[in-house]
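What follows is each chain in one-letter form.
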Amino acid sequence: MSETTFTFRVDDTLKALFTEAAKAHDRPASLLLRDFMRDYVKRSQDEAADHDAWFRKEVQASLEDARPSIEDDEARRIFAKRRDALLRRTKATG
């Protein structure tokens, strides 16, 4: 696997503290940063996989829902009625 340089800015104090902490644990700072990057990527992938599994479960539960379905026109009529009632209440108190 080829390697490349990754450059970023950090304030002097943070760099000094990080370098000191790395040396105290006999670890090169660059190795710690690579480990952090690997862990971050893995965690991101795990979170994406967890979200995908959750989403698929929710979709399946919706597909298996035993409640009767409602037609689009009926849903629009119901929510239009609710919206109108809310607007009337808002105008009455405003």
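(A) Representation of the pattern of salt bridges within the structure. Inspection of the entire model under this criterion finds seven salt bridges. Arginine 38 is the partner of aspartate 35 in a salt bridge, and the nearest nitrogen-oxygen pair spans 3.1 Å. Here the residue aspartate 35 and the residue arginine 38 both occupy positions in helix 2 (residues 29–63), the gap between them amounting to three residues, near one helical turn. For aspartate 72, the salt bridge is made with arginine 76, and the minimal N-O distance between the two is 2.8 Å. Of this pair, aspartate 72 and arginine 76 both sit in helix 3 (residues 72–93), separated by four residues, roughly a single helical turn. The class of aspartate 72 is partly exposed, set by a relative accessible area of 45%. Overall, the relative accessible area of 57% leaves arginine 76 in the exposed class. Taken together, the shared-partner salt bridges in this structure form one network comprising Arg27, Asp35 and Arg38.

(B) Spotlight on the layout of surface pockets. Taken as a whole, the largest pocket encloses approximately 570 Å³ of empty space. Taken as a whole, the second largest pocket encloses approximately 200 Å³ of empty space. Contributing to the lining of the second largest pocket are Phe8, Val10, Leu14, Lys15, Phe18, Thr19, Ala29, Ser30 and Leu33. Only helix 1 (12–24) and helix 2 provide two or more residues apiece to the lining of the second largest pocket. Examining the composition of the lining of the second largest pocket, we find that four residues originate from one element, helix 1, more than from any other. Along the lines of polarity and charge, the residues of the lining of the second largest pocket split into six nonpolar, two polar and one charged.

(C) Representation of the confidence of the model for the protein chain. Per-residue confidence for the protein chain gives a mean pLDDT of 93; residues scoring 70 or more make up 99%. Taken element by element, the protein chain is modelled with least confidence in helix 3, mean pLDDT 93, and with most confidence in helix 1, mean pLDDT 97.

(D) View of unusual backbone geometry. One non-glycine residue with positive phi stands out, namely aspartate 26, at about 50 degrees. Structurally, the position occupied by aspartate 26 is in the loop between helix 1 and helix 2. We classify aspartate 26 as exposed; its relative accessible area is 71%.

(E) Examining a nonpolar patch on the surface more closely. On the surface, a nonpolar cluster with roughly 960 Å² of combined accessible area is contributed by Phe6, Phe8, Val10, Leu14, Phe18, Leu33, Phe36, Met37, Tyr40 and Val41. When residues of the nonpolar patch are traced back to their parent elements, those giving at least two are helix 1 and helix 2. Broken down by element, the nonpolar patch gets its largest block of residues, five residues, from helix 2. Of note, phenylalanine 18 is situated in helix 1. Residue phenylalanine 18 is classed as partly exposed on the basis of its relative accessible area, which comes to 31%.

How each quantity is defined
- Residues numbered from 1 in each chain as written.
- Predicted model: local features only at pLDDT ≥ 70, side-chain atom pairs only at ≥ 80, totals over all residues.
- Heavy atoms only, no water.
- Salt bridge = Lys/Arg side-chain N within 4 Å of Asp/Glu carboxyl O.
- Helix = DSSP H or I, 4+ residues; strand = E, 2+ residues; numbered from the N terminus.
- Buried < 20%, exposed > 50% of the residue type's maximum accessible area, 1.4 Å probe, protein only.
- 1 Å grid on protein atoms, 1.4 Å probe; cavity = no way out; pocket = protein on both sides within 12 Å on 5 of 7 lines; lining within 4 Å.
- Points joined across faces, edges and corners; volume = space filled by probe spheres on them.
- Nonpolar A, V, L, I, M, F, W, Y, C, P; charged D, E, K, R; others polar.
- pLDDT = per-residue confidence, 0-100.
- Patch = residues over 30% accessible without salt bridge, like charges linked within 9 Å, V, L, I, M, F, W, Y side chains within 5 Å.
- Areas by Shrake-Rupley, 256 points an atom, 1.4 Å probe, with all protein chains shown as cover.

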